[in-house]
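Given next are the chains, with one letter for each unit.
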Amino acid sequence: MDDVSTSAETAPATNGVVSASAIPADELARLTDDIVSALKTVYDPEIPADIYELGLVYRIDIEDDRTVKIDMTLTAPGCPVAGEMPGWVENAVGAVEGVSGVEVNMVFDPPWTPDRMSEEAQVAVGWY
């Protein structure tokens, strides 16, 4: 995955420090870990690896209201599960404790290429 972040309006905190999120750091770390774990339960049915390790998840944004926004892609725009995969991701991430909602945005720029795969995914498909 390329980017995990919080997207909150930054507000000045004490001593001029800018706060990036209203969610406490330890809670944000737990949410991030749990969201990644949930994403690793969603598999591309044509490839024996999960969507996270395949590099299909481009961005995860955790809002202050605990809404999770995910930019992801598919291995190919004509993927047979293109209509179903966003729902699978929404269900998996929506089940994470503390997540208030999930928005999945399917993007095709940049296009997915096999070099986005982790070593784990490369091993799973026999490319490593």
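Whatever comes next refers back to the structure up there.
Bear in mind that the values here come from a model prediction, so they are computed numbers and not experimental data.

About the thresholds
- Residues numbered from 1 in each chain as written.
- Predicted model: local features only at pLDDT ≥ 70, side-chain atom pairs only at ≥ 80, totals over all residues.
- Heavy atoms only, no water.
- Buried < 20%, exposed > 50% of the residue type's maximum accessible area, 1.4 Å probe, protein only.
- Helix = DSSP H or I, 4+ residues; strand = E, 2+ residues; numbered from the N terminus.
- Pairing = 2+ DSSP bridges.
- Patch = residues over 30% accessible without salt bridge, like charges linked within 9 Å, V, L, I, M, F, W, Y side chains within 5 Å.
- Areas by Shrake-Rupley, 256 points an atom, 1.4 Å probe, with all protein chains shown as cover.
- Salt bridge = Lys/Arg side-chain N within 4 Å of Asp/Glu carboxyl O.
- Lys, Arg positive; Asp, Glu negative; His and termini not counted.
- Charge placed at Lys NZ, Arg CZ, Asp CG, Glu CD.
- Axes fitted to C-alpha atoms, helices over the stretch in contact; angles between N-to-C directions.
- Parallel < 35°, antiparallel > 145°, perpendicular 65-115°, else oblique.
- Left-handed = near helix turned anticlockwise from the far one by under 90°.
- Contact = heavy atoms within 4.5 Å.
- Arc of directions from axis to C-beta.
- Core = buried A, V, L, I, M, F, W, Y, C linked by side-chain atoms within 4.5 Å.

Student: I keep staring at the pairing of strand β5 (residues 67–72) and nothing clicks. Help me out?
Tutor: Two faces belong to every sheet, and in a regular strand the side chains alternate between them. Burial analysis of β5 places five of its six residues in the buried class, the great majority of the element. Sheet topology note: the strand β4 (residues 57–62)/β5 ladder contains five bridges and is antiparallel. From the neighbouring strand, Asp-61 faces β5, where its bridge partner is Lys-69. The turn linking β4 back onto β5 is made up of four residues, and Arg-66 within it adopts a positive phi angle of 75 degrees. Of the strand pairs in this sheet, β5 and strand β6 (residues 101–106) are connected by six bridges, and their pairing is parallel.

Student: Hey, could you run me through a negative patch on the surface in this one?
Tutor: Residues Asp-64, Asp-65, Glu-90 and Glu-103 make up a contiguous surface patch of negative charge. Along the chain, Glu-90 falls in helix α3 (residues 85–94).

Student: Even after reading the chapter, I still don't get the packing of helix α1 (residues 25–39) against α3, so can you show me in this structure?
Tutor: A packed helix pair is summarised by two numbers, namely the angle formed by the two axes and the spacing between the axes. Interhelical geometry of α1 versus α3 gives an angle of 140 degrees and a closest axis separation of 8 Å. If you check the angle between α1 and α3, you find them oblique. The handedness of the crossing between α1 and α3 is right-handed. Taken together, the residues of α3 that come into contact with α1 (itself represented by Ile-35, Ala-38 and Leu-39) are Val-89, Ala-92 and Val-93.

Student: Help me understand α3 in this model?
Tutor: Each turn of an α-helix holds 3.6 residues, which means side chains three or four residues apart point in the same direction. Along α3, the residues that are buried comprise Met-85, Pro-86, Val-89, Ala-92 and Val-93. Projection of α3 onto a plane perpendicular to its axis shows the buried side chains occupying an angular sector of 130 degrees, all on one side. Looking at the packing, one finds that the buried side of α3 touches α1, α2 (51–54), β5 and β6.

Student: How do you make sense of the nonpolar core when you look at a structure like this?
Tutor: Across soluble globular proteins, nonpolar side chains show a tendency to be buried alongside one another. The biggest cluster of nonpolar side chains holds 35 residues, and the ones touching the most others in it are Ile-35, Leu-39, Ile-51, Ile-60, Ile-70, Val-89 and Val-93. For this core, the elements supplying multiple residues, two or more each, are α1, α2, β4, β5 and α3. Per-element tally for this core: the top contributor is α1, with six residues.

Student: How should the environment of Val-68 be read in this particular structure?
Tutor: Structurally, Val-68 can be placed in strand β5. The exposure class assigned to Val-68 is buried, which follows from its relative accessible area of 0%. Note: C-alpha distance between Val-68 and Val-99 (31 residues apart in sequence) is 6.9 Å. In this structure, Val-68 is in contact with Ile-35, Ile-60, Asp-61, Ile-62, Val-93, Val-99, Gly-101, Val-102 and Glu-103, ignoring residues within four places of it in sequence.

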